[in-house]
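# Working through the structure, step by step
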Amino acid sequence: TTDLGGHSGCQILLCETEENLVFVRKISSNIEYNQRLIKQAEKQSLFNTPSIKTPKVLDRGYTKDGLFYFDMEYVQGITLAEYLKRIEVGKVRGLVEQIVNGINSLIGTEKGEFSERVFQNKIDSLEKKLSTDDNNIVSKAVYMLRKHSWNQINKTMCHGDLTLENIIVKDGQLYFIDFLDSFYDCWIMDISTLLQDVQTLWAYRNDENMDINTSLRVLIFRDILVDEVQDQFGIHIVEVYYALLLKLIRIYPYTKEEKT
């Protein structure tokens with residue numbers, strides 16, 4: 001086995017059987033995280049669109065220590081963040097269209113009833129973590145979030161953490177990986193997370209060798225993404241930006257230095 005690392009605290013192992021079958025095993029970080037990982041495995045197994053694939057979930061179970069795990073197909077590709085470093089500029093539009101078309105197919109997967117209270121509770125918890133006395137921009141953002149009506153954001157199937165690092169490219173096919181259970185599942189949240197990534201160059205935050213050509217490709221990706229969302233989803237672009245604002249405010253208390 002080979003440890004592939006990961007960001008959630010879960011252990012991600014590349015495994016090979018005696019029959020030379022290669023697969024990835026994701027193991028919960030602790031007992032308390034089990035239910036979250038179960039939901040993530042369920043999301044991954046149910047996600048199905050014409051233009052986007054996911055690694056097939058092969059098996060599930062528990063370790064002798066009671067930690068939930070699930071095994072999945074190993075997709076030997078590269079992240080979209082890495083792919084954007086080498087792709088021809090003219091092919092960026094096709095990538096974006098593939099992603100947006102995949103997300104568009106989630107709109108009809110409504111599940112559960114909308115709850116405004118979920119968003120107000122989220123804003124309440126964020127406000128407790130914020131020190132806004134010396135930052136008028138943050139204070140104004142929180143005010144805007146509190147005044148906004150969130151009733152256009154219906155619950156649907158979604159990825160939960162759709163970043164350039166969680167999209168794999170293999171032979172021109174896109175795969176979504178590392179699904180996450182979020183406080184509210186909706187395709188709009190996926191779009192806003194992706195927009196956050198390309199707007200702030202978040203996927204390249206630790207990349208000391210990022211050049212201007214990659215930056216330009218990512219910015220072109222961002223502009224095409226916004227255009228595609230406006231074309232396909234119309235008025236929902238406003239909701240995407242409110243969701244983006246919510247995500248940025250959520251991150252703000254964890255920023256420790258000026259660059260971030």
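Residues numbered from 1 in each chain as written. Predicted model: local features only at pLDDT ≥ 70, side-chain atom pairs only at ≥ 80, totals over all residues. Heavy atoms only, no water.

## Side note on the overall build of the chain
Within the chain, the regular secondary structure consists of eight helices and nine strands. In terms of overall dimensions, the chain is globule-like: its C-alpha atoms have a radius of gyration of 19 Å, near the 18 Å expected for 260 residues. Here the C-alpha coordinates of the chain stretch approximately 60 × 45 × 40 Å along the principal axes. When the 260 residues of the chain are sorted by exposure, 43% land in the buried category. The contacts of the chain with a sequence gap of at least 6 include a subset with a gap of at least 24, amounting to 69%. For the chain, the computed accessible surface area is about 14,000 Å², with 48% contributed by carbon and sulfur atoms. (Helix = DSSP H or I, 4+ residues; strand = E, 2+ residues; numbered from the N terminus. Rg over C-alpha atoms; globule rule 2.2 N^0.38 Å. Buried < 20%, exposed > 50% of the residue type's maximum accessible area, 1.4 Å probe, protein only. Contact = heavy atoms within 4.5 Å. Areas by Shrake-Rupley, 256 points an atom, 1.4 Å probe, with all protein chains shown as cover.)

## Regarding the pairing of strand β5 (residues 57-62)
Alignment of β5 against strand β6 (residues 68-73), held across five bridges, turns out to be antiparallel. Residue Tyr 62 lies in a different strand from β6, and its bridge partner there is Phe 68. Here β5 folds back onto β6 in antiparallel fashion, the turn holding five residues, of which Gly 66 has a positive phi close to 85°. (Pairing = 2+ DSSP bridges.)

## A short note on the packing of helix α7 (residues 212-233) against helix α8 (residues 236-251)
Put simply, α7 and α8 touch, their axes get as near as 8 Å, and they point 135° apart. Taken together, the axes of α7 and α8 lie oblique to each other. Of the residues in α8, those touching α7 at Val 226, Val 229, Gln 230 and Phe 233 are His 236, Ile 237, Val 240 and Tyr 241. A breakdown of the residues in the contact of α7 with α8 according to their chemical character gives six nonpolar, two polar and no charged. (Axes fitted to C-alpha atoms, helices over the stretch in contact; angles between N-to-C directions. Parallel < 35°, antiparallel > 145°, perpendicular 65-115°, else oblique. Nonpolar A, V, L, I, M, F, W, Y, C, P; charged D, E, K, R; others polar.)

## Some remarks on the pairing of strand β3 (residues 22-27)
Sheet analysis places strand β2 (residues 11-16) next to β3, joined by six bridges and oriented antiparallel. Within β3, the residue paired with Glu 16 across the bridge is Val 22. Where β2 hands over to β3, the hairpin turn is made up of five residues, of which Asn 20 adopts a positive phi near 70°. Sheet topology note: the β3/β6 ladder contains five bridges and is antiparallel. Bridge pairing links Val 24 to Met 72 in β6.

## Section: helix α4 (residues 116-129)
With 14 residues, α4 should cover 20 Å at 1.5 Å per step; its first-to-last C-alpha distance of 21 Å lies within 8% of that length. Those residues of α4 not exposed but buried are Phe 119, Gln 120, Ile 123 and Leu 126. Along the axis of α4, the buried positions cluster into a sector of 125°, meaning they face one direction only. Of the surrounding elements, those touching the buried residues of α4 are α5 (136-147), α6 (187-200) and α8. (Expected span 1.5 Å × (residues − 1). Arc of directions from axis to C-beta.)

## As for the packing of aromatic side chains
One pass over the structure, following the stated rule, counts nine aromatic pairs. Relative to Tyr 242, the ring of Trp 150 lies with its centre 6.2 Å away and its plane at 80°, an arrangement referred to as edge-to-face. A residue pair is termed long-range when its members are at least 10 positions apart, and Trp 150 in the loop between α5 and β8 (167-170) and Tyr 242 in helix α8 qualify at 92 residues. On the basis of an interplanar angle of 45° and a centroid distance of 6.5 Å, the ring pair of Phe 183 and Tyr 184 is categorised as tilted. Classification of Phe 183 as partly exposed rests on a relative accessible area of 34%. Looking at Tyr 184, the relative accessible area reads 1%, which means it is buried. Ring-pair connections join several aromatic residues into one group, and the members of that group are Phe 119, Trp 150, Phe 183, Tyr 184 and Tyr 242. (Phe/Tyr/Trp six-rings, centres within 6.5 Å; stacked < 30°, edge-to-face > 60°.)

## Some details on the sheet that holds strand β4 (residues 52-53)
Strand order in the open sheet formed by four strands is β4-β9-β8-β7, and the pairing between neighbours is mixed. Two strands bound the open sheet, and with one partner strand each, they are β4 and β7 (78-79). Sheet topology note: the β7/β8 ladder contains two bridges and is antiparallel. For Thr 79, the partnering residue across the bridge sits in β8 and is Ile 168.

Spatial relationships are all this shows, so hold off on functional conclusions.
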